[in-house]
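# Tertiary structure, described
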Amino acid sequence: MRRSEARALFWLANLHQTTGADEAALKEIEPALAYFQSAGFKVETTQCLSVKVRANRDIGKEADALAGSRQLLSLASAAGDRSQMAIAEQGIANVLQQQGDWPKALEHFRQYYEIAASIPDRDAIGRGLVGQAGILWRLGQYPDAEQELAEADNLAVMSGSAAELTVLIAERRAGMALSRGRYREAMDAARRTFEASSAAPIARSLARCLAGVAAARSGSPRLGKTLCEEGLGVLVKQVDRFSLAEVRLSMAEILVANGEAMAGLEQVRQSREASDAANHLESSWRAWLISARAYQRTGNDARARAAIETASVRLAELRTAWGAENFNTYAARNDIRLLLVELGRR
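Since the model is a prediction, treat every value here as computed from it, not as a measurement.

### Things to note about the overall build of the chain
When you go through the chain residue by residue, the secondary structure sums to 18 helices and zero strands. A compact globule built from 346 residues would reach a C-alpha radius of gyration of about 20 Å, and the chain, at 21 Å, matches this within 12%. Dimensions of the chain along its principal axes, counting C-alpha atoms only, are 65 × 40 × 40 Å. Looking at the chain residue by residue over its 346 residues, the buried ones come to 51%. Taking as baseline every contact in the chain between residues at least 6 positions apart, the subset at least 24 positions apart corresponds to 56%. Summing over all exposed atoms, the chain offers an accessible surface of approximately 15,400 Å²; the carbon and sulfur share of this is 50%. Computed over 44 positive and 42 negative side-chain charges, the separation of the two mean positions in the chain equals 3 Å.

Here is the structure:
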């Protein structure tokens, strides 16, 4: 293989990965990566590793994605390449967030931000800020999340990529508002995301489903179903298994609220199986609780009780994994507090 051929494979793999064809990307990137590694081309090797990490993450090969990100970080650190170091830290953070290991993900988003600031790279700085904000609100640390988003807002005004950063900010604000029970605010922020031309298809789909949950929780499950169906219809064609599992869980909640418990059970089953297979404790306990809610609506009290028991076990495991401090702020979130009350009633 010649260098030009390996470069062509890299660009093709990068294109396929960014358009959701991750399996094709992995087949193309392997020979390119092998060539660049054997030839000693360090820059191209790190670029190929970055594509491989993203593809593995999206198809659910999280251990491979994490190992690849750590290998990338090691190579970039040895070469003093801060740009690739930042990409590696971001990759580690994204996988840990996907796994539900939010405290560790936050550490790596902070490292990502600090490296980006030292370069300086405005685009990466903005992504580092919104990455931290996304974890902080999930952990119930709202004042810190608001501070990170305020900094990102200021950066967006000055940044050349203001449109893309603004969408990322709106996405985080939508999730945070939903978790606080501010449904109109959540729907407005989600709409700014899915109507933005610069938003990626997966981001638009997730935003539609978030708006759907907000509509359902505010008393309009039929509207919520319509919104989430549009998002789910896109995601089932993608290979991002984590996002699909989250959207299926959202759709299950909406369907149960809309009086369609049996359909909700099918959606939550698929979400639950993905979460349990990957040992994603945070999404798993919520999925089992939604399962119990759906079983109770169908009159199957025995299965509802069994689902509650499993949800309780997953929740206890999550507390152990995160530690008391992080778990307690998470449990104080408005939406999680309501789920815990429901868990205790059943």
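### Focus on the side chain of R57
Assignment of secondary structure puts R57 in helix α3 (residues 42-58). Taking the relative accessible area as the measure of exposure, R57 reaches 17% and is therefore buried. Of note is the side chain of R57, whose polar atom sits 3.1 Å from the side chain of D58. Apart from the residues within four sequence positions on either side, R57 is in contact with A65, N94, V95 and Q98.

### Let's talk about the pattern of salt bridges
Where side chains of opposite charge bring their charged atoms close, a pairing between them can arise. All told, the structure shown has 23 salt bridges when counted by the stated rule. With a shortest N-O distance of 3.9 Å, R2 and E5 are connected by a salt bridge. Owing to a relative accessible area of 57%, R2 belongs among the exposed residues under this scheme. The class for E5 is partly exposed, based on a relative accessible area of 37%. One salt-bridge network, held together by shared partners, links E146, D153, R173 and R180.

### Thoughts on the environment of A278
Take A278: it is sitting in the loop between α14 (261-277) and α15 (281-297). Overall, A278 belongs to the partly exposed group, its relative accessible area being 32%. A C-alpha to C-alpha distance of 39 Å links A278 and R2, two positions 276 residues apart in sequence.

### Things to note about the side chain of S50
One can find S50 in helix α3. A relative accessible area of 9% means that S50 is categorised as buried. At a separation of 3.1 Å, a polar atom in the side chain of S50 contacts the side chain of R54. In this structure, S50 is in contact with L72 and I87, ignoring residues within four places of it in sequence.

### Considering helix α17 (residues 324-331)
Every buried residue belonging to α17 is among N326, F327, Y330 and A331, and all of these are buried. Each buried residue of α17 sits inside an arc of 130° when the element is viewed along its axis, so together they form one side.

### A look at unusual backbone geometry
Where the residue is not glycine, phi is negative for most of them; where a peptide bond is considered, it is trans in most cases. Residue I119 is joined to P120 through a cis peptide bond whose omega torsion reads -15°. The topology assignment puts P120 in the loop between α6 (102-118) and α7 (122-138). One non-glycine residue with positive phi stands out, namely N279, at about 60°. Assignment of secondary structure puts N279 in the loop between α14 and α15. The exposure class of N279 is exposed, given its relative accessible area of 54%.

### A look at the packing of helix α13 (residues 241-257) against α15
At a minimum axis distance of 10 Å, the contact between α13 and α15 shows a crossing angle of 25°. Regarding the angle of α13 to α15, the classification is roughly parallel. For the pair α13 and α15, the sense of crossing is left-handed. When α13 is examined against α15, the residues E246, L249, A252, E253 and V256 are found in contact with a partner set consisting of S283, R286, A287, I290, R293, A294 and R297. A per-class count over the contact of α13 with α15 returns six nonpolar, one polar and five charged.

### Looking at α14
Given 3.6 residues to a turn, an α-helix orients residues that are three or four positions apart in the same direction. For α14, spanning 17 residues, the distance from its first C-alpha to its last is 24 Å, which sits close to the expected 24 Å at 1.5 Å a residue. Regarding α14, the residues found buried are A261, G264, L265, Q267, V268, S271, R272 and S275. If you follow the buried residues of α14, they end up packed against α12 (221-235), α13 and α15.

### Observations concerning the packing of helix α1 (residues 3-18) against α3
Helix-helix packing: each pair is described by the crossing angle between the helix axes and the interaxial distance. Running from amino to carboxyl end, α1 crosses α3 at an angle of 30°, the nearest separation of the two axes being 10 Å. On the basis of their axis angle, the class for α1 and α3 is roughly parallel. Regarding α1 and α3, the two cross each other, and that crossing is left-handed. Side by side, α1 and α3 meet where R3, R7, F10, A13, N14, Q17 and T18 of the first sit next to E44, Q47, C48, V51, R54, A55 and D58 of the second. A class-by-class count of the residues in the contact of α1 with α3 yields five nonpolar, four polar and five charged.

### As for the packing of aromatic side chains
Scanning the model with the defined rule gives eight aromatic pairs in all. Taken together, a centroid distance of 6.3 Å and an interplanar angle of 35° make the contact between Y35 and F41 tilted. Their ring planes at 75° and their centres at 6.2 Å tell us that F36 and F41 sit as a pair that is edge-to-face. Taking the relative accessible area as the measure of exposure, F41 reaches 23% and is therefore partly exposed. Ring pairs connect the aromatic residues W102, W322, F327 and Y330, which therefore count as one cluster. When the ring centre of F41 is taken as origin, the NZ or CZ atom of R3, which lies over that ring, is 4.0 Å away. A cation over an aromatic ring shows up here: R272 above the ring of W288, its NZ or CZ 4.2 Å from the ring centre.

So, how was this worked out
- Residue numbers here run from 1 along each chain, matching the order of that chain's written sequence.
- Owing to the predicted nature of the model, reporting of local features is limited to residues with pLDDT of at least 70; listing and counting of side-chain atom pairs is limited to 80 or more, with chain, interface and lining totals taken over all residues.
- Derived side-chain values reflect all non-hydrogen atoms in the structure, with water molecules and hydrogen atoms excluded from consideration.
- Each helix corresponds to a stretch of at least 4 residues labelled H or I by DSSP, and each strand to a stretch of at least 2 residues labelled E; elements are numbered beginning at the N terminus.
- Radius of gyration means the value over C-alpha atoms here, while the globule rule gives 2.2 Å times the residue count to the 0.38 power.
- Buried, partly exposed and exposed residues are distinguished by accessible area as a fraction of the type maximum, computed with a 1.4 Å probe on protein chains only: under 20%, between the cut-offs, and over 50%, respectively.
- Whether two residues are in contact is decided by their heavy atoms: any pair within 4.5 Å suffices.
- The Shrake-Rupley method, run with a 1.4 Å probe sphere, supplies the accessible areas, and residue values consider only the shown protein chains as cover.
- Under the counting rule used here, the positive set is Lys and Arg, the negative set is Asp and Glu, and His together with the chain ends is not counted.
- Every charge is mapped onto a representative atom, which is NZ of Lys, CZ of Arg, CG of Asp or CD of Glu.
- Polar contacts, as counted here, are pairs of nitrogen or oxygen atoms within 3.5 Å of one another; within protein the pair requires one atom able to donate a hydrogen and one able to accept it, and residues that are adjacent in sequence qualify only if both atoms are side-chain atoms.
- A carboxyl oxygen of Asp or Glu within 4 Å of a side-chain nitrogen of Lys or Arg is what we treat as a salt bridge.
- This arc is taken over the directions from the axis of the helix to the C-beta atoms.
- Helix axes are fitted to C-alpha atoms over the stretch in contact, other axes to C-alpha atoms as well, and angles between N-to-C directions run from 0 to 180 degrees.
- Should an angle lie under 35 degrees it is considered roughly parallel, over 145 roughly antiparallel, and from 65 to 115 roughly perpendicular; all remaining angles are considered oblique.
- Two helices crossing with the near one rotated counterclockwise from the far one by less than a right angle form a left-handed crossing, whereas a clockwise rotation gives a right-handed crossing.
- Only Asp, Glu, Lys and Arg are considered charged, only Ala, Val, Leu, Ile, Met, Phe, Trp, Tyr, Cys and Pro nonpolar, and every remaining residue, Gly among them, polar.
- Each residue after the first adds 1.5 Å to the expected span of a helix.
- Pairing of aromatic rings covers Phe, Tyr and Trp, the last through its six-membered ring, and needs centres within 6.5 Å; plane angles under 30 degrees mean stacked, over 60 mean edge-to-face, and all others mean tilted.
- Distance and angle both matter: a charge sits over a ring if NZ of Lys or CZ of Arg is within 6 Å of the ring centre and within 35 degrees of the ring normal.

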